[in-house]
Amino acid sequence: MAMSVGSDSTHEDEGIVDINTTPLIDVMLVLLIMLIITIPLQTHSVALDLPQGNPPPSTEQPKVVTVAIDFDNSISWNGEPMTSEQDLQAHFSNAASQSDQPEMHIHPNRLADYKTVAHVLADAQRLGITKLGIVGQDQFMEGQ
C-alpha cells in the first residue's frame, strides 16, 4: 500500500516560468474603456464671438516727455533744466497721476554716469511711470 506523491520527474525543484497575463489584460481593457470614454469630450469646441475686420488706426499721437541726462549729469525735462531732485520727482509724480500717461524717453549722454541714469530710472519706476524707454542707444555702439 504504497502511495506516490508528486510526479515521477527528477526535476522537482523547477518553478513555473509562465507569466500570469490575466492582470495585464485587465489593465489594458480598463485603459481602453477610459480612452473610448474620453475621446468624445476632447472633440467639443468652444464658440467665440471674435470681432470682424481691422480696427481703425489711432490718429492721436501719444504725448512724449524727454528726460535728458547730459555729460555733466545734469537732468532736463523737455529741455527745461531740473535744479533739484525734488523738482524731478514732482514732474514724475505729476506725469504718473495723469489718466493718459505720457511716454517717457530717457536720453542719457554717452559720458553720463551710470549711477545718475540708474537713479532717474529708479525714481521713475518708484513714482509709477509705466511707459518708459531709453532712446539714443546708437551713440553707445562700438566705433562711434
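Nothing here was measured: the structure is a model prediction, and the numbers come from that model.

Peer 1: Would you mind showing me how to read the packing of aromatic side chains here?
Peer 2: The description of an aromatic ring pair rests on the distance of the ring centres and on the angle between the ring planes. What the rule picks out here adds up to one aromatic pair. Aromatic pair Trp-77 and Phe-92: ring centres 5.4 Å apart, planes at 75 degrees, arrangement edge-to-face. Of this pair, Trp-77 sits in strand E2 (residues 75–77) while Phe-92 sits in helix H2 (residues 85–97), placing them 15 residues apart in sequence. Residue class for Phe-92 comes out buried when judged on its relative accessible area of 0%.

Peer 1: Help me understand the pairing of strand E4 (residues 103–108), please; the structure alone is not making it clear to me.
Peer 2: In the case of a regular strand, side chains alternate between the two sheet surfaces. The side-chain alternation of E4 yields one buried face, formed by Met-104, Ile-106 and Pro-108, and one unburied face, formed by Glu-103, His-105 and His-107. Here strand E1 (residues 64–69) runs beside E4; their pairing, made up of six bridges, is parallel. Bridging across to E4, Ile-69 finds its partner in Pro-108. Here E4 runs beside strand E5 (residues 132–134); their pairing, made up of three bridges, is parallel. Bridge assignment links Ile-106 to a residue of E5, and that residue is Ile-134. A crossover links E4 with its parallel partner E5, the connecting element being helix H3 (residues 114–126), and its sense is right-handed.

Peer 1: Help me out: how do you make sense of the pattern of salt bridges in this one?
Peer 2: A side chain of one charge can pair with a side chain of the opposite charge if their charged atoms are brought near each other. For the structure on display, the rule yields two salt bridges. Among the salt bridges present, the one from Lys-131 reaches Asp-100, with a minimum N-O distance of 4.0 Å. On the criterion of sequence distance, the pair formed by Lys-131 in the loop between H3 and E5 and Asp-100 in the loop between H2 and E4 is long-range, its members being 31 residues apart. On the accessibility criterion, Asp-100 (46% relative accessible area) is partly exposed.

Peer 1: What should I look at first to understand the nonpolar core in this one?
Peer 2: Side chains of a nonpolar character, in soluble globular proteins, are inclined to be buried together. Formed by 17 residues in total, the largest nonpolar core has its most connected members in Val-67, Trp-77, Phe-92, Met-104 and Val-120. When contributions to this core are tallied by element, the ones reaching two or more residues are E1, E2, H2, E4 and H3. With four residues, the top contributor of residues to this core is H2. If we ignore the near neighbours within four places in the chain, the residues touching Met-104 are Val-65, Val-67, Trp-77, Phe-92, Ala-95, Ile-129, Lys-131, Leu-132 and Gly-133.

Rules of the game
Residues numbered from 1 in each chain as written. Predicted model: local features only at pLDDT ≥ 70, side-chain atom pairs only at ≥ 80, totals over all residues. Heavy atoms only, no water. Phe/Tyr/Trp six-rings, centres within 6.5 Å; stacked < 30°, edge-to-face > 60°. Helix = DSSP H or I, 4+ residues; strand = E, 2+ residues; numbered from the N terminus. Buried < 20%, exposed > 50% of the residue type's maximum accessible area, 1.4 Å probe, protein only. Pairing = 2+ DSSP bridges. Right-handed = clockwise from strand over helix to strand, strands pointing away. Salt bridge = Lys/Arg side-chain N within 4 Å of Asp/Glu carboxyl O. Core = buried A, V, L, I, M, F, W, Y, C linked by side-chain atoms within 4.5 Å. Contact = heavy atoms within 4.5 Å.

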